[in-house]
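Listed below, chain by chain, are the residues.
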There are 2 protein chains.
Amino acid sequence: MAETATTHPLLDKHRETLDTAAQALRDRSYYSRYPESPSPRIYGENAPGDGQSAHEATLNQDFSALADQPTTGEVVGSEVSPYGPTLGVRYLQLDVPAAIEAAHAALPAWRDAGAEVRAAVLTEVVDRINKRSHEMAHAVMHTSGQPFVMSFQAGGPHAQDRALEAIVAALEEQRRVPASVIWEKPAKGEPIRMQKDYRQIPRGIALVIGCNTFPTWNAYPGIFASLATGNPVIIKPHPRAVLPLALTTAIAREVFAEAGFDRALLQLAAEDDGGTLAKDLALDPAIKIIDYTGGTSFGHWLETEAAALGKLVYTEKAGLNTVVVDSTDDLRGMLGNLAFSFSLYSGQMCTAPQNVYVPATGVDTDEGHVSADQFARRLGEAISTFNADDARAVEILGATVNEGVRERATDIAGLASRVGGQVVLDSRAVTHPAYPDAVVRTPALIGVGADNDAAYSQECFGPVAFIITTADTEESLRIFADTVREHGGMTAAVYSTDEEILDGAREAAAEAGVGLSENLTGQIFVNQTAAFSDFHGTGANPAANAAYADAAFVAGRFRVITSRRHI
Amino acid sequence: MAETATTHPLLDKHRETLDTAAQALRDRSYYSRYPESPSPRIYGENAPGDGQSAHEATLNQDFSALADQPTTGEVVGSEVSPYGPTLGVRYLQLDVPAAIEAAHAALPAWRDAGAEVRAAVLTEVVDRINKRSHEMAHAVMHTSGQPFVMSFQAGGPHAQDRALEAIVAALEEQRRVPASVIWEKPAKGEPIRMQKDYRQIPRGIALVIGCNTFPTWNAYPGIFASLATGNPVIIKPHPRAVLPLALTTAIAREVFAEAGFDRALLQLAAEDDGGTLAKDLALDPAIKIIDYTGGTSFGHWLETEAAALGKLVYTEKAGLNTVVVDSTDDLRGMLGNLAFSFSLYSGQMCTAPQNVYVPATGVDTDEGHVSADQFARRLGEAISTFNADDARAVEILGATVNEGVRERATDIAGLASRVGGQVVLDSRAVTHPAYPDAVVRTPALIGVGADNDAAYSQECFGPVAFIITTADTEESLRIFADTVREHGGMTAAVYSTDEEILDGAREAAAEAGVGLSENLTGQIFVNQTAAFSDFHGTGANPAANAAYADAAFVAGRFRVITSRRHI
């Protein structure tokens, strides 16, 4: 039997980090290894400039850091920044059969290294990615359209924290099965004694299908969970968001080689817009695990067709994110918090709120009773005020990521008319001082009645939210639970000063299978989740069949093979 | 928010048991709560007689203990003992829509009771089942055809231990997520503080589809894992093995009612032979989890069609169980051990060995070198000797469970001729002294060459095994790994005195994704696994997509819903 490595230089280096992270995961307490501030005081005086230079040096070039991947010889690359410029990065097309062969060849040594060594090596990978967070921020910004600071945070440290969370979640799970046990069964005379060895084996090769809006944040949990459990990974990035995952892959391969493993543990399969590689790879018999973030239709195809082939499929698709407004003791705080949540990345987060339920009887607040109409107007004003200054607004709004979003945002009146609603707040075009070609839009609000469920029971991706007038909060909660249970939802929020209403909201959230944020008025937003503490998704409603990163997200990625013998 | 119950009379009663069992599961050490000996010294002087009387009292009667289930008014029941007698037990047909409604109504209180209370109540259920182990043994014997002592052990205490294992596996998994945490993120000035509550919710209603041969042993892990994670369960027993699960259901419902919960947490949906209830229930949108043991074809249907509907599907189907013979220092012990494994329940265990690979160059033993032919003859003799005495043999062989098995067993010459093999040992008809109508057969051996893979690459359920002559042990291991990887396998064994060969066998087993027993010559048999220590199945080859009872078997059965708020 192959011996499990018990010594590796990286084990000592990362033991403390892994211990601390594992404890945080057990407690679900606050923990972050990677500072979220892009400040030069933290990342080094030259980090911002170096990061920008490094990014610029990749533009209009062959991406040579992955030149050692098996290739067909063809070149792909069709990335255009949502801020305007064409990236012009050229990637060698992966030779898929050769890549699968290479991944299979890389597997045994990685499997036999054992969970502890894998976790240490992968922590080194994440640390190394962290050092290039400024460069990564530019790559994320110019593929997703996120504003710079968000690109840095969500694409850098927050994604890195989620990666580390996946690593320790997988490590903890593997630690639960001992390597060996002496089993002693009482018997007449001498007991029956056996030695049983438990060997953990990976499923095979894993596929991670990236998305356009959060190329690293949404891909890292699957990548690192699969690698940590011994499975080589092939990444199929979104054709318009290749660069962040190309950087990731190149860094990881470098660390693998340095640590004595095969670079083929992580490979990148870039393709041009309109390719079918995700489907082709998903159907390949060599692929045993699939992690996916993206549109509902392809996600559903994976959940049905790929799952039916016996593959493990983890999806995060889309849903109806809800805010139930009942009452508040901090109207300004609430409106400011919501304005930020709607505006951040122009509502292009899978966690951004879309459906706001307000009772027709109005909302009791610290500023007195506010009618439903007044509330809608106040929310519109808060959004307008928040985005009043173009130069500041673009640093929150980012750029619209695709034509679908742009079309919807530029014809709010048409949308409102089609769905039978009224424009409460139109979307405003914002001129980006640095990127005149970027299409930047502020959030719009459309008012509809609760009976018009056709209007608000589908995801309306981008800077559009619905204010839905209900009879009362009880109806709001009922519709919230019903729509999320049926159509899915990644997040939900409630505002109320009434403990009974809050209890009811918790019941409705449990029934809907969605996490709930209550009375957020400060610096925590419904669309953000913290690694090690907040689950992202629940797997309990149609928006996602998995959660970052619970036991179910990692436990199936490896299997245990026992060998037993008398001693 | 519903309060989680923290006190329940059964919590104290079963705390120590759950603690001990949880520790055993962590260590994978020997643990059994339920004594496997049917001795009156353990179960009480009157237990055997009382059990038999209780069993006889159920025959040719309405099964009144489940009369309170919602019913269509129709009566079903077509159980005939493999030992001959018609059971004549009549079950009221379950009204499925009403049962689903009842299960939904039962869910909230069970969910809100919390994991600890559920585990305690379920341990009480298993304890109560244990007290009726003798009655259960008769029910299992006369539905499965197992011999009495095996029916007692596998259908009673061993199944009960597997139930308790599932309960603590689920409990441990749920304990890993804290009920609440204060999350404190450093910030400029005061830290940001939030309370986060984590609420565990079940998936919904679970379906357990029972099998004919191990009605309790194979059903309990799914039943108790689903119940322990909060999911009400509907059991669809095999039409010819209803009684053991009817008893189980009745006992559980009684305990639920006594413990203050709804009886509808467990319901039994019996049907006559030829019914379609398993499929109908599997397709019902209310069913969220399916546990299945049985034939490959329906199992595959569940893995594709039901899984594609987003249901969690855990299957145990069939495979090719392998013995690789290389060399031994205890030929008699080895032959005796194998003879028992082939004979026990006439090879009708999903874990019974079927394919024995022997090198053409023969086998080195403590009795000198034995040619391949001699080895086959010696194994045949060992089986014949082991089963020489009819009255003793029936207590191991049991009765053949269905027509398919009987037909194969009574025409070994025809089978050998069809597959192009030679009869090494024919199956012998054994007359059961107490049940003259029982069809009891000893195991047959058919010899084939390694090139005749068509012969031995399909499951041949019942008392038939193949002795496959290979070029050498290296070829044996290669064929073993290839056939199991492709066709599945529940168990594997190897006999060798050579550490290098044993290493190779462990590698082959890991590659095949099957557990390995090495050099068993005593009282441990390849077809038996011990709860808390041995995984049953691996989920790593086509024979089963799950293992009793690893984290992956329980972790997906519940989800976590967070609610968070500032404090």
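Residues numbered from 1 in each chain as written. Chains lettered and ligands numbered in written order. Predicted model: local features only at pLDDT ≥ 70, side-chain atom pairs only at ≥ 80, totals over all residues. Heavy atoms only, no water.

In this section: the overall build of chain A. Within chain A, the secondary structure is distributed over 20 helices and 21 strands. Rg of the C-alpha trace for chain A: 25 Å, near the compact-globule value of 24 Å for 567 residues, within the 12% margin. Dimensions of chain A along its principal axes, counting C-alpha atoms only, are 80 × 65 × 45 Å. For chain A, the residues scored as buried account for 64% of the 567 residues in total. Restricting the contact set of chain A to residue pairs at least 6 apart, pairs at least 24 apart contribute 75%. For chain A, the exposed surface amounts to about 19400 Å²; the carbon and sulfur share of it is 49%. (Helix = DSSP H or I, 4+ residues; strand = E, 2+ residues; numbered from the N terminus. Rg over C-alpha atoms; globule rule 2.2 N^0.38 Å. Buried < 20%, exposed > 50% of the residue type's maximum accessible area, 1.4 Å probe, protein only. Contact = heavy atoms within 4.5 Å. Areas by Shrake-Rupley, 256 points an atom, 1.4 Å probe, with all protein chains shown as cover.)

This part takes up the nonpolar core. With 94 residues, the main nonpolar core has Ile-223, Phe-224 and Phe-256 of chain A as its most contacted residues. Apart from the residues within four sequence positions on either side, Phe-224 of chain A is in contact with Leu-122, Val-125, Val-126, Ile-129, Ala-163, Ala-166 and Ile-167 of chain A. Among the nonpolar cores identified, the runner-up in size contains 93 residues, and Tyr-31, Ala-139, Val-140 and Leu-265 of chain B belong to it. (Core = buried A, V, L, I, M, F, W, Y, C linked by side-chain atoms within 4.5 Å.)

Two numbers describe a pair of packed helices, the interaxial angle and the distance between the axes. Residue and element names in this part refer to chain A. Interaxial distance between helix H4 (residues 96–131) and helix H9 (residues 243–258) falls to 10 Å at its minimum, and their mutual angle equals 130 degrees. Accordingly, the angle class assigned to the pair H4 and H9 is oblique. Our pair here, H4 against H9, has a crossing hand that is right-handed. Seen from H4, the contacting residues are Trp-110, Val-121, Leu-122, Glu-124, Val-125, Arg-128 and Ile-129; seen from H9, they are Thr-248, Ile-251, Ala-252, Glu-254, Val-255, Phe-256 and Glu-258. Grouping the amino acids of the contact of H4 with H9 by side-chain chemistry returns nine nonpolar, one polar and four charged. (Axes fitted to C-alpha atoms, helices over the stretch in contact; angles between N-to-C directions. Parallel < 35°, antiparallel > 145°, perpendicular 65-115°, else oblique. Left-handed = near helix turned anticlockwise from the far one by under 90°. Nonpolar A, V, L, I, M, F, W, Y, C, P; charged D, E, K, R; others polar.)

Residues and elements named next belong to chain A. Residue placement: Glu-135 occurs in helix H5 (residues 133–144). Considering only alpha carbons, one finds Glu-135 and Gly-230, 95 residues apart in sequence, at a separation of 29 Å. Leaving out residues up to four positions away in the same chain, Glu-135 has contacts with Gly-51, Ala-54, His-55, Thr-58 and Leu-247. For Glu-135, the side chain forms a polar contact with the side chain of Arg-132, separated by 3.0 Å. (Polar contact = N/O pair within 3.5 Å; in protein donor to acceptor, adjacent residues only side chain to side chain.)

Now for the environment of Gly-51 of chain A. Residue and element names in this part refer to chain A. Looking at the secondary structure, you find Gly-51 in helix H3 (residues 47–58). Separated by 83 residues in the primary sequence, Gly-51 and His-134 place their C-alpha atoms 4.6 Å from one another. If sequence neighbours within four positions are ignored, Gly-51 has contacts with His-134, Glu-135 and His-138.

Before going further, it helps to examine the relation of the copies chain B and chain A. For these two chains of identical sequence, chain B goes onto chain A by a turn of 180 degrees and a shift of 0.0 Å along the axis, with RMSD 0.0 Å. Expressed as an axis order, the relation between the two copies is that of a two-fold axis. (Least-squares fit on C-alpha atoms with pLDDT ≥ 70 in both.)

All names here are of chain B. For helix H18 (residues 473–487), which comprises 15 residues, the first-to-last C-alpha distance of 20 Å matches the rise-based estimate of 21 Å (1.5 Å per residue) to within 8%. Of all the residues in H18, the buried ones are Thr-473, Ser-476, Leu-477, Ile-479, Phe-480, Ala-481, Thr-483 and Val-484. In this fold, the buried residues of H18 make contact with strand E10 (322–325), strand E11 (355–359), helix H17 (453–456), strand E18 (464–470), strand E19 (492–495) and helix H19 (499–512). Gly-488 sits one or two positions beyond H18 and adopts a positive phi of about 90 degrees. (Expected span 1.5 Å × (residues − 1).)

Attention now goes to helix H7 (residues 157–175) of chain A. The terminal C-alpha atoms of H7 of chain A, which comprises 19 residues, lie 26 Å apart, in line with the 27 Å expected from a rise of 1.5 Å per residue. Of all the 19 residues making up H7 of chain A, 17 are buried; the element is thus mostly covered by neighbouring parts of the structure.

A residue-level look at chain A finds 99% of positions with pLDDT of 70 or above and a mean pLDDT of 96. Across the predicted assembly, pTM comes out at 0.97 and ipTM at 0.96. (pLDDT = per-residue confidence, 0-100.)

Let's shift gears to the interface of chain B and chain A. Listed as interface residues are 70 residues of chain B and, on the opposing side, 71 residues of chain A. Carbon and sulfur atoms make up 52% of the area that chain B and chain A hide from each other, which totals about 5600 Å². For chain B, the biggest contributors to the area lost against chain A are Tyr-30, Arg-559 and Arg-564 of chain B; these three give 13% of the whole. Taken together, the links from chain B to chain A amount to 16 salt bridges. One salt bridge connects Asp-550 of chain B with Arg-559 of chain A, and the closest N-O pair in it is separated by 2.9 Å. It is strand E21 (residues 558–566) of chain B that provides the largest number of residues to the side of chain B that touches chain A, a total of eight residues. Looking at chain direction, strand E20 (residues 516–518) of chain A and E21 of chain B are connected through three bridges and run parallel. (Buried area = accessible area lost by both parts, 1.4 Å probe. Salt bridge = Lys/Arg side-chain N within 4 Å of Asp/Glu carboxyl O. Pairing = 2+ DSSP bridges.)

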